[in-house]
Amino acid sequence: MKWKKYTVETTTAAEDFMSSMLMELGIEGIEIEDNIPLTKEDQADMFIDFLPELPPDEGISYVSFYVEDDGSDQTELLKQVKIGLENLRDMVDVGSGIITSSETEDLDWINNWKKYFSSFTIEDILIKPTWEELKEEDKDKFLIEIDPGISFGTGKHETTQLCIRQLLKYIRGTEDYTPKEKSPKVLDVGCGSGILSIVALKLGAREVVGTDLDADCMISTRDNMEVNHLDAALGTFYVGNLIDDKALQQEVGTEEYDIVVANILADVIIPMAPVIPDRLKKGGYFITSGIIDFKEQEVKEAIEAAGLSVVEINHQGEWVNITAQKQ
């Protein structure tokens, strides 16, 4: 199936009026393109670590909508849109109001991205999407299966890999490091798809507790635990913001964790750092990533200001892991 895409050239001042007018006509799936820079508040709410470079904002906006291309005549609908545009001119500058059209394929927006996620390894761990068949030669490997659904976390991003390597070290151990606690209790802040919680459990953690702002992550995490044959009783997950939610901090607990792992973003880690020491046992580790390289020092200083001692810093591409310990 194909869709007709109609795009109205308008102004940024009119885009909200335009969207409301289109919705009143029964049109759904409205798309807005403009070059308005995000405010600091918007940036913080959306957890964007750094902004893309945009052309200068010249007040032009493109409002698009989609109509199923089933061969029917859209003349009447477009007439109603044009009438709506003219009516809006009495309230706001709608700009040129030029309408252009194009065709687009009927993409499976939910599943189309899956072609970019295939099996890969981190050290000796094989991470495989649930929809991919397990190869015969991989059947004896240390396997973790993941379906992120609509949550963050396939394991393929550098920040997740940095955290997984640290969990390998501080749970299972390496040639150079032997963990004191072989079955740690782990807090996963910003659990997303649950990949870090699942890695921790499969490496030997006795229990995980996870938090995330998005309630959908609880579903993804539970589903992925089931796929990996992990007892649901091994994980407790909460929706909320650990930074300032006192009730959540109480639910999560004080000085209960051998490891806290947080694969978030620098601008979230910095305000979160002061609440981490109270979550950790003495000698416990705070493993974090999601830090773009030019914010490394700022995050390091925030972690140290919270009273933790930085024990190692690792880089992969432009991303940074900082691991710290409660003395």
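Residues numbered from 1 in each chain as written. Predicted model: local features only at pLDDT ≥ 70, side-chain atom pairs only at ≥ 80, totals over all residues. Heavy atoms only, no water.

1. Some remarks on the packing of aromatic side chains
Short version of the rule: Put simply, two rings from Phe, Tyr or Trp (the six-membered ring, in Trp's case) pair if the centres are within 6.5 Å, and we call them stacked under 30 degrees between planes, edge-to-face over 60, tilted for the rest. Comment: elements are numbered from the N terminus, with helices defined as DSSP H or I runs of at least four residues and strands as E runs of at least two. Relative accessibility thresholds used throughout: buried, under 20% of the residue-type maximum; exposed, over 50%; partly exposed, between the two (1.4 Å probe, protein chains only).
Here the structure, examined in full by the defined rule, presents 4 aromatic pairs. Taken together, a centroid distance of 4.3 Å and an interplanar angle of 40 degrees make the contact between Y170 and Y285 tilted. Taken together, the residues span a long stretch of sequence, with Y170 in helix α4 (residues 158-172) and Y285 in strand β12 (residues 280-292) at a distance of 115 residues. Neither Y170 nor Y285 differs from the other in exposure class; each is buried. Relative to Y285, the ring of Y177 lies with its centre 6.3 Å away and its plane at 90 degrees, an arrangement referred to as edge-to-face. Of this pair, Y177 sits in the loop between α4 and β8 (185-189) while Y285 is found in strand β12, placing the two residues 108 residues apart along the sequence.

2. Describing the sheet that holds strand β6 (residues 125-129)
Selection rule: Pairing between strands is defined by DSSP: at least two bridges between them are needed. Between the N-to-C directions of two axes lies an angle of 0 to 180 degrees, each axis being a line fitted to C-alpha atoms and, for a helix, fitted only over the stretch in contact. In what follows, a contact means two residues having at least one pair of non-hydrogen atoms within 4.5 Å.
What the 3 strands build is an open sheet, ordered β5-β6-β7; its pairing is mixed. Edge positions in the open sheet fall to β5 (120-122) and β7 (142-146), since each of these has one partner strand only. When strand polarity is set aside, the average angle formed by the axes of neighbouring strands in this sheet is 30 degrees. The strands touched by helix α5 (residues 195-203) within the sheet are β6 and β7, with β7 carrying the most contacts at an inclination of about 155 degrees.

3. Some thoughts on the nonpolar core
Put simply, the rule reads: The term nonpolar core refers to a set of buried residues drawn from Ala, Val, Leu, Ile, Met, Phe, Trp, Tyr and Cys, joined through side-chain atoms within 4.5 Å.
If you look at the biggest cluster of nonpolar residues, it comprises 33 residues, and the most contacted ones within it are I127, I164, L167, V186 and V199. The set of elements that each furnish at least two residues to this core consists of β5, β6, β7, α4, α5, α6 (216-227), β11 (257-263) and β12. Looking at which element gives the most residues to this core, the answer is α5, with 7 residues. Sequence-distant contacts of L167, that is, excluding residues within four places in its chain, are made with R172, L196, V199, L203, I259 and I287. Membership of the second largest hydrophobic core comes to 23 residues, among which are I303, L308, V320 and I322.

4. Quick word on the confidence of the model for the protein
Quick note on the threshold: On a range of 0 to 100, pLDDT expresses the predictor's confidence in each residue.
Looking at the protein as a whole, the pLDDT averages 87, with 88% of positions reaching at least 70. Predicted confidence is poor over residues 44-50, with pLDDT under 50, and the contacts of this stretch with residues over four places away or in other chains come to 20 contacts.

5. Points about the pattern of salt bridges
Test applied: Salt bridge, as applied in this entry: a Lys or Arg side-chain nitrogen positioned within 4 Å of an Asp or Glu carboxyl oxygen.
All told, the structure shown has 15 salt bridges when counted by the stated rule. Here E123 ties to R165 by a salt bridge, and the two come within 3.2 Å at their closest N and O atoms. Linking E123 in the loop between β5 and β6 with R165 in helix α4, this pair joins segments that are 42 residues apart in sequence. Assessed through its relative accessible area of 55%, E123 is described here as exposed.

6. As for the layout of surface pockets
Basically, it comes down to this: Only protein atoms enter the 1 Å grid used here, on which a cavity is any set of points holding a 1.4 Å probe that cannot leave and a pocket is any open set flanked by protein within 12 Å on both sides along at least five of seven lines; residues with an atom within 4 Å of a point are listed as lining. Grid points are joined across faces, edges and corners, and a volume is the space filled by probe spheres set on the points. Throughout, the ten residues Ala, Val, Leu, Ile, Met, Phe, Trp, Tyr, Cys and Pro are labelled nonpolar, Asp, Glu, Lys and Arg are labelled charged, and all others, Gly among them, are labelled polar.
Of the pockets and cavities examined, the second largest pocket occupies roughly 220 Å³. Residue lining of the second largest pocket: 15 residues in total, with Y177, K180, E181, G283 and Y285 positioned closest to the centre. The set of elements that each furnish at least two residues to the lining of the second largest pocket consists of β11 and β12. At 5 residues, the largest contribution of residues to the lining of the second largest pocket is made by β12. In terms of residue class, the lining of the second largest pocket is made up of 6 nonpolar, 4 polar and 5 charged.

7. Quick notes on the environment of E301
Counting through the fold element by element, E301 comes out in helix α9 (residues 296-305). Distance from E301 to I270, taken between C-alpha atoms, is 8.7 Å for residues 31 residues apart in sequence.

8. Considerations on the sheet that holds strand β14 (residues 319-325)
Strand order in the open sheet formed by 7 strands is β10-β9-β8-β11-β12-β14-β13, with mixed pairing between adjacent strands. Each having just a single partner strand, β10 (235-239) and β13 (309-316) make up the two edges of the open sheet. Along the sheet, successive strands turn relative to each other by an average axial angle of 15 degrees, direction set aside. Sheet topology note: the strand β9 (residues 207-212)/β10 ladder contains 5 bridges and is parallel. Bridged to T211 within β10 is Y238. Lying over the sheet, α5 contacts β8, β9, β10 and β11, oriented at roughly 175 degrees with respect to β9.

9. Let's talk about α4
Heads up, the rule is: The span one expects for a helix is its residue count, reduced by one, times 1.5 Å.
Taking 1.5 Å per residue, 15 residues should reach 21 Å; α4 reaches 21 Å between its end C-alpha atoms and fits that length. The buried count for α4 comes to 11 of 15 residues, which makes it a mostly enclosed element. T159, T160, Q161, L162, C163, I164, Q166, L167, L168, Y170 and I171 are the residues of α4 that are buried. Just beyond α4, the residue with positive phi is G173, at close to 95 degrees.

10. Section: the packing of α4 against α5
Where we set the bar: Angular relationships are summarised with four words: roughly parallel below 35 degrees, roughly antiparallel beyond 145, roughly perpendicular across 65 to 115, and oblique for the angles in between. If you view the pair so one helix is near and one far, a crossing is left-handed when the near helix is turned anticlockwise from the far one by less than a right angle, and right-handed when it is turned clockwise.
The N-to-C vectors of α4 and α5 enclose an angle of 25 degrees; their axes lie 10 Å apart at closest approach. With respect to each other, α4 and α5 are oriented roughly parallel. Viewed along their axes, α4 and α5 form a crossing whose handedness is right-handed. Side by side, α4 and α5 meet where T160, C163, I164, L167, L168, I171 and R172 of the first sit next to I195, L196, V199, A200 and L203 of the second.

11. Observations concerning unusual backbone geometry
The phi dihedral of E123 falls on the positive side, at around 55 degrees, and the residue is not glycine. If you check the backbone angles, E255 has positive phi at about 50 degrees while not being a glycine. Following the sequence through the fold, E255 ends up in the loop between α7 (246-252) and β11. The partly exposed category is assigned to E255, whose relative accessible area is 47%.

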